[in-house]
Amino acid sequence: MRFEFSTMGCPCALHVEDVSDDVAQRALAVTLAEVDRLDRKYSHYRDDSLLATLQRSTDAIDVDDETANLFDFAAELHRQSDGLFDITAGKLTRLWDGRKPAQAEIDAALRVTGWHRIEWRRPTLRVTTRHMHLDFGGLVKEYAADRCAELCREAGVGSGVVDLGGDLALIGPHANGEAWIVGIKAPRAEGKAAASIALPRGGLATSGDYERALVIDGKRYSHIVDPRTGWPIESFASVSVVAGSCLVAGSASTLAMLLGIERGGEWLRELGLPHLCIDGDGNVSGDIKI
Amino acid sequence: MNTTKRPSPSLSLLLAASAALVGQKAHADETSTAPTVGYRFNVYDEDSFSGAPAIGSDKRYHVDTQQLDFSGGVGERNTLNVDATHEVMSGSSPWYSLPGPNNKPIQVLSGATIRDHRSAISASLTHDAGGNSTTTGSASYSTENDYHATALGLEHTIPLNAALTLGFGGSLSHDIIEPTAAELFGRIRHAEKNTYSAFGSLSWVLNKASVLESGVQLNYQAGFLSDPYKLATVGDVQLPDTRPDRRTEAAWLVRYRLAVTADASFHADSRVAANSWGQKSLTLDASWYQTLPGDWQIIPGVRYYSQDSARFYAPFFGANDASAFYSSDYRLGGFGSVAGHLDLRKQFGRWEFTAGMERYHATTRYALGGADEANPGAVSYTRIFAGLDYHFD
């Protein structure tokens, strides 16, 4: 059974099999409720999200465990990427959403960007700069996919896949024990798959400029922005990673995109997770075979 | 035996940081199902006997070991490991000791140089049940001229919550001893022994960079536990090494892993044990794993070990020492040892080259609190190894 829905600005789907209609409906209901909850809590496009509340105040605020875990994880990614992965760069990401901003706007956004402008001592967060935009992009959708898969298992689904805009979390293998065959999106070719792979467990996430890139005067600008320069990164067209969870897969693919073709490729090899990178000329690298 | 491939330092950090959010199932990434074949050559060479006065050949044990191993996925959730080992052993070993001037022991080494071959095969299958729950079954068989050993083991891990994993298991082995030249030297002709082990451990992810594991192990041995090739001097005569036919041991193990940076990690291990023969022992081991540019990894480490002697150990016994048991085996005497080791790994595409060396020195002086009996047979050795692995896609 396949249910389609839309959340966090992406087309999504829930695939389940070998279950009664009741269980399938319950799985769909918990999935929709969970993505809605996380979207309300962490969306950087909503003024009523927890992130919006946190960034509006310069007071120290104690956050709940789930949010603290996300901040801890984001801090680790920031450290591993030498500052390239930065949840404080929401203002910059917004600037590049659909248009090429003026350098003065970029400079202004850079003044409210930077991990050094927040104080994070679990469970207390203080945003020291007004007008900062916190952005959990690269984390929340992937985390939501893992959470939905977990809730579907608890709802009695043994076999299925959660697909949140191409970021996939496995609920469980096919009823006969075989792995789900899932498609990795081809960059710059709407709706086409670059590769089909077996997903025996965990998650698959793809990060790239195939969906939300900006094209101005024939030049593509990816939606992934270097928080140090304020300009989009010149990197792979897409990076896909398979890991034990969609969250780890998503953070690995995002970090590889941020690190660029040379360092990102090297970092992925060192990481040791199955991956597939496609550059702007369509050259393919990585250990997932097409 | 944990036979899954270690995750890279960067992945370990990511997994630890994500564990609080998505639970330990992310650790399933540690399992690599791509097949790997490897070959290792290991040379173990004991120092010539020089410490105390000795009679007999001073050339001690030398072992050349060749090992071929395979690991790879079987189905989607199983990892199979198979190891085949062949060893060639030569040299002489401490036989018994005699009282010398001032009651200082004189070590007598076995006259004839031993030359023996040992062949062994072991296999283990790990089933990943998902959610970081794994079950490993293992079996091994080892055979040489005078010794045959068969062992079976089973272990299981269950995640209790995002940061805590319980592990437990057990093993048993059955050994058959049929000493050479039994008639000539009056040795036992056929003997057997069984070993039963059980263990339990808890592993905590303390924070995103460190893991602590603590475990308890119980071992029980029953059967012929003496060494048929060793003698003990009692008064003016040499009697066969005679030990109790049961031994119970309890051990407490602690392991600590700290990812210091994305490229460096610190490993510290300790083991404290006591057994029913009156021996207590302590092992402390510390290693540093450093990844260097160009796919190099260097692993320096140090190890300290100390044990005190078994109740029935002495380098030699007086004629009036009334005891049912006698042993002058240096392995049952008190001693301490210090070892330094250095391993190197280098990856060339799908090939991985490893080489390393270890220098080990044991003496009664290093024993915690000093050894109460002399131990003329205490050994020092050098071990070097080199190996090559090929990782298939």
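Up top is the structure.
Residues numbered from 1 in each chain as written. Chains lettered and ligands numbered in written order. Predicted model: local features only at pLDDT ≥ 70, side-chain atom pairs only at ≥ 80, totals over all residues.

Undergrad: Which residues make up the pairing of strand β10 (residues 164-177) of chain B, and what values go with them?
TA: Residues and elements named next belong to chain B. The sheet contact formed by strand β9 (residues 147-161) and β10 spans 14 bridges and is antiparallel. Bridge pairing links His156 to Phe168 in β10. As judged from the 14 bridges shared by β10 and strand β11 (residues 191-207), these two strands associate in the antiparallel manner. Opposite Leu166, over in β11, you have Leu202 as the bridge partner. (Pairing = 2+ DSSP bridges. Helix = DSSP H or I, 4+ residues; strand = E, 2+ residues; numbered from the N terminus.)

Undergrad: Could you give an account of the sheet that holds strand β4 (residues 118-121) of chain A, naming the residues involved and the relevant values?
TA: All names here are of chain A. Reading across from one edge, β3-β5-β4 is the order of the three strands in this open sheet, with antiparallel pairing throughout. The open sheet has two edge strands with one neighbour each: β3 (61-62) and β4. Sheet analysis places β3 next to strand β5 (residues 124-127), joined by two bridges and oriented antiparallel. Considered in β5, the bridge of Ile61 is made with Leu125.

Undergrad: Give me the packing of helix α6 (residues 140-154) of chain A against helix α7 (residues 246-271) of chain A: which residues, what numbers.
TA: All names here are of chain A. The interhelical angle for the contact between α6 and α7, taken along N-to-C directions, is 160 degrees, at an axis separation of 7 Å. Considered as vectors, α6 and α7 are oriented roughly antiparallel to each other. Relative to α7, α6 is oriented so that their crossing is right-handed. Only Cys246, Leu247, Ala249 and Gly250 of α7 make contact with α6, whose side of the interface consists of Glu142, Tyr143, Ala145 and Asp146. Considering only residue class, the contact of α6 with α7 consists of five nonpolar, one polar and two charged. (Axes fitted to C-alpha atoms, helices over the stretch in contact; angles between N-to-C directions. Parallel < 35°, antiparallel > 145°, perpendicular 65-115°, else oblique. Left-handed = near helix turned anticlockwise from the far one by under 90°. Contact = placed C-beta atoms within 7 Å. Nonpolar A, V, L, I, M, F, W, Y, C, P; charged D, E, K, R; others polar.)

Undergrad: Any details on the environment of Trp296(B)? Residues and values, ideally.
TA: For Trp296(B), the position within the fold is in strand β18 (residues 296-307). Along the primary structure Trp296(B) and Lys346(B) are separated by 50 residues, whereas in three dimensions their C-alpha atoms are 4.5 Å apart.

Undergrad: Break down unusual backbone geometry for me, with residues and values.
TA: Going from Arg122(A) to Pro123(A), the amide bond is cis rather than trans, its omega being 0 degrees. Residue position: Pro123(A) is located in the loop between β4 and β5. At Asn102(B), a position not held by glycine, the phi torsion is positive, near 55 degrees. Within the secondary structure layout, Asn102(B) lies in the loop between β5 (94-99) and β6 (105-109). One non-glycine residue, Asn103(B), lies in positive phi territory at about 60 degrees. Here Asn103(B) shows up in the loop between β5 and β6. Classification of Asn103(B) by C-beta neighbours within 10 Å gives exposed; the count is 9. (Buried ≥ 20, exposed ≤ 12 C-beta atoms within 10 Å, placed from the backbone.)

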